[in-house]
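So the chains spell out like this:
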Amino acid sequence: MKIKSIQSVKGTQDILPTEVHVWQKLERTIFQVMSKYSFKEIRTPAFEKTELFSRSVGEQTDIVSKEMYSWIDQGGENLTLKPEVTAPVVRAYIQHNLGSISPSVKLYYIDALFRRERPQKGRYRQFHQFGAESFGSENPEADVEIIAVASSIFKSIGIENIKLKINSIGSKICRDNYRDELRKFLKPHLRKLSDTSKIRFEKNPLRILDTKSPDEKALIIDAPNISDFLTSEDKSHFIEVKSFLKDIGIKFNIDHHLVRGLDYYNRTIFEFTSENIGSQDAICGGGRYDNLVKDLGGKDTPGVGFAAGIERILLALSSDEKIQNPDIYIVGFGNKAIKHVLICAEALRNNGFSVNTDLLRRSLKSQMKEANKTRARTAILIGDKEIEQKKFQIKNLEDGKQYDIPFDSLIQHFKSL
Ligand code: AMP
């Protein structure tokens, strides 16, 4: 009887060797750009106490109300696989008193996240994000730097057709007033709203502005704008954000109905979208969260950050990135050659070359075929004759030229190529 194989869980994906090189290229770009902006990497655990997310992201949000992978462990603790990274980073910032090192702390991460959403193109149950969090400054230049670092990564990796939308949702008092006005506006249309929007009307009407339904989108065009509810401090903060963005050449559109689904944001919020990836077009979202550190038990510390979805960024990339090929393939034939292949491969690798060898003791012909298939630039051939004469046969696989070199000048030879 054939044993049934096990498939991966719905909404999760394997990143195969044929596609991992684009992930690695993006990761390298993230490391380089973050370091140019003086952000330092932080890595937090895969799971946290459930309370961390319910207290920060918000009980009424989609994430906390229906998408978290939570369980009670054997010790009776309520735990959750992280559905977002800002709360864990804030938890670590408070727990390790990172604010004592410097009044301005700039952190970044690359991480795997878990949300039980309905899977579709660009929406998965395990997905990956990179992001940055800047603690300590409530000034608009911190918002602008956060937007600039995201934008710089997108530019460096070569994503085209992306747009930046920004808005200010002000401070809590503005949102409370706005929420009331929005409810007044929506009330006469309540019957026409979807079930989800009806629930949002009660719990968090701002989220209705996030709707994907064309009818509801048409309805909210005439909804009041939060910009009319901002305090004068919030207004001047937003004016400066816009003006500094212009100063450094970052283009943006203002979207008065941009809200974002997480509770902890205040003042500036933003979203980058791509035209190339279909309905799930948001590749990055972020904003200011001046009360989050305090709300999670830390000292009153302002913060601003972003999170970008790696899968969606890779969908938006028209990638002709080449797979990394080995520099050299060593072909050994005959039992005596095995140890020489090993010694030669180690010496070359220790000198910075990437080398592949045959582990299956295949024929000379099959090994040469493999060397060509892996697109190695050079093959080194080692057989009884070569061992006896203490010379390697070298074949340039790009132009077909073949020649010998003595054993002891191998490294020197490849370094001089
Ligand atoms: P959020 O944490 O919801 O603000 O999302 C930030 C970014 O993560 C989004 O702009 C998407 O690019 C990405 N993202 C969010 N949810 C998913 C998901 N379920 N699958 C893939 N990417 C996602």
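A brief structural summary.

So, how was this worked out
In every chain, residue numbers begin from 1 and rise along the written sequence. In keeping with the predicted nature of the model, local features appear solely for residues at pLDDT of at least 70, side-chain atom pairs appear and are counted solely at 80 or more, and the whole-chain, interface and lining totals rest on all residues. In computing side-chain values, all of the structure's heavy atoms are included and hydrogens and water are not. Where helices and strands are cited, they refer to DSSP runs of H or I of at least four residues and of E of at least two residues respectively, numbered from the N terminus. Computation of the radius of gyration draws on C-alpha atoms alone. For the globule rule, the value is 2.2 Å times the number of residues to the power 0.38. Residue burial is assigned from relative accessible area. The probe radius is 1.4 Å, only protein chains are included, and a residue is buried under 20% of its type maximum, exposed over 50%, and partly exposed in between. Every residue pair with non-hydrogen atoms within 4.5 Å of one another is taken to be in contact. Where accessible areas are quoted, they stem from the Shrake-Rupley method and a 1.4 Å probe; at the residue level, only the protein chains shown are allowed to cover. Positive charges come from Lys and Arg, negative ones from Asp and Glu, while His and the chain ends are left out of the count. By convention, the point assigned to a charge is CZ for Arg, NZ for Lys, CD for Glu and CG for Asp. A pair of strands counts as paired when DSSP detects no fewer than two bridges linking them. The span one expects for a helix is its residue count, reduced by one, times 1.5 Å. It is the directions from the helix axis to the C-beta atoms whose arc is reported. Basic side-chain nitrogens of Lys or Arg form a salt bridge, by our definition, when they fall within 4 Å of a carboxyl oxygen of Asp or Glu. Think of each axis as a best-fit line through the C-alpha atoms, taken over the contacting stretch in the case of a helix, with angles from 0 to 180 degrees between the N-to-C directions. Our angle categories are set so that under 35 degrees counts as roughly parallel, over 145 as roughly antiparallel, 65 to 115 as roughly perpendicular, and the remainder as oblique. The sense of a crossing depends on the near helix, which, turned anticlockwise from the far helix by less than a right angle, makes the crossing left-handed and, turned clockwise, makes it right-handed. By convention in these notes, a residue is near a molecule or strand provided one of its non-hydrogen atoms lies within 4 Å of it. We define a polar contact as two N or O atoms separated by no more than 3.5 Å, with the added condition that, inside protein, one atom must be a possible hydrogen donor and the other a possible acceptor, whereas residues neighbouring each other in sequence contribute only through side-chain atom pairs. Only Asp, Glu, Lys and Arg are considered charged in this grouping, and only Ala, Val, Leu, Ile, Met, Phe, Trp, Tyr, Cys and Pro are considered nonpolar; every other residue, Gly among them, is considered polar.

1. Structural notes on the overall build of the protein
Secondary structure assignment for the protein yields 15 helices and 16 strands. Taking 2.2 N^0.38 as the reference for a compact globule, 417 residues should give roughly 22 Å; the C-alpha atoms of the protein span a radius of gyration of 28 Å, well beyond that estimate. A principal-axis box enclosing the C-alpha atoms of the protein has dimensions of 90 × 60 × 45 Å. Sorting the 417 residues of the protein into buried and exposed places 48% on the buried side. Counting contacts in the protein only where the partners sit at least 6 residues apart, residues at least 24 apart contribute 70% of the total. When the accessible area of the protein is evaluated, it comes to approximately 22,500 Å², of which 50% is carbon and sulfur surface. Side-chain charges of the protein comprise 64 positive and 56 negative groups, with the mean position of each set lying 5 Å from the other.

2. Some remarks on the side chain of T357
Tracing the backbone through its elements, the reader meets T357 in strand β13 (residues 355–357). Leave out the neighbours within four places in its chain, and T357 touches Y329, I330, V341, A345 and R349.

3. Things to note about the pairing of strand β15 (residues 391–396)
Summarising the sheet, strand β14 (residues 378–382) and β15 pair through four bridges and their orientation is antiparallel. Looking at the pairing, L381 lines up with Q393 of β15. Bridge analysis of β15 against strand β16 (residues 402–406) gives five bridges, and the strand direction is antiparallel. Looking at the pairing, F392 lines up with I405 of β16.

4. Notes on the environment of I239
Along the chain, the position of I239 falls in helix α9 (residues 232–247). As for I239 and S168, which are separated by 71 residues in sequence, their C-alpha atoms are 9.8 Å apart.

5. Concerning helix α12 (residues 337–350)
Counted at 1.5 Å a residue, the expected span for α12 with its 14 residues is 20 Å, and the 20 Å between its end C-alpha atoms agrees. Among all positions of α12, only A337, H340, V341, C344, A345 and L348 are buried. Each buried residue of α12 sits inside an arc of 130° when the element is viewed along its axis, so together they form one side. Counted as exposed and oriented over 90 degrees from the buried face of α12: K339, L342, I343 and N350.

6. Looking at the pattern of salt bridges
If you walk through the whole model with that rule in mind, you get 26 salt bridges. With a shortest N-O distance of 3.1 Å, E51 and R55 are connected by a salt bridge. Highlighted residues: E51 and R55, both in helix α2 (residues 50–56), separated by four residues, approximately one helical turn. Judged by relative accessible area, which is 46%, R55 ranks as partly exposed. Here R362 and E370 are joined by a salt bridge, their closest N and O atoms 3.5 Å apart.

7. Here's the deal with unusual backbone geometry
In this structure, N97 takes a positive phi of about 50° despite not being glycine. Positive phi outside glycine occurs at N161, with the angle close to 55°. Examined against the element boundaries, N161 turns out to sit in the loop between α5 (140–157) and β7 (162–168). Among the residues examined, N161 registers a relative accessible area of 43% and is labelled partly exposed.

8. Regarding the sheet that holds β13
Two modes of strand pairing occur in sheets, parallel and antiparallel, and in both the strands are linked by backbone hydrogen bonds. In space, the five strands of this open sheet follow the order β13-β12-β14-β15-β16, with mixed pairing throughout. Unpaired on one side and paired on the other, β13 and β16 mark the two borders of the sheet. Strand-to-strand, the axes of this sheet are offset by a mean angle of 25°, without reference to chain direction. With three bridges connecting them, strand β12 (residues 328–332) and β13 associate as parallel partners. Each bridged residue has a counterpart across the sheet, and for I328 the counterpart in β13 is V355. Sitting on the sheet, helix α13 (residues 364–373) touches β12, β14 and β15, and the angle it makes with β12 is about 175°.

9. Considerations on the packing of helix α1 (residues 20–36) against α5
In the contact formed by α1 and α5, the axes pass within 10 Å of each other and the chain directions differ by 135°. Taken together, the axes of α1 and α5 lie oblique to each other. In this structure, α1 meets α5 at a crossing whose hand is right-handed. When α1 is examined against α5, the residues K25, L26, T29, I30, V33 and M34 are found in contact with a partner set consisting of V149, S152, I153, S156 and I157.

10. Some thoughts on the site of the ligand
Inspection of the region around the ligand gives 14 residues, with R115, E117, Y124, R260 and A282 positioned closest. A distance of 3.3 Å separates an oxygen atom of the ligand from a polar atom in the backbone of C284. In this structure, G309 approaches the ligand through a main-chain N or O atom, which is 3.3 Å from an oxygen atom. Burial of the ligand by the surrounding chains reaches 91%, relative to a free accessible area of 490 Å². Those elements that provide at least two residues to the shell around the ligand are β6 (126–135), β10 (282–288) and β11 (303–309). Broken down by element, the residue count for the shell around the ligand peaks at three residues, all from β10. Residues belonging to the shell around the ligand are distributed by class as follows: six nonpolar, three polar and five charged.

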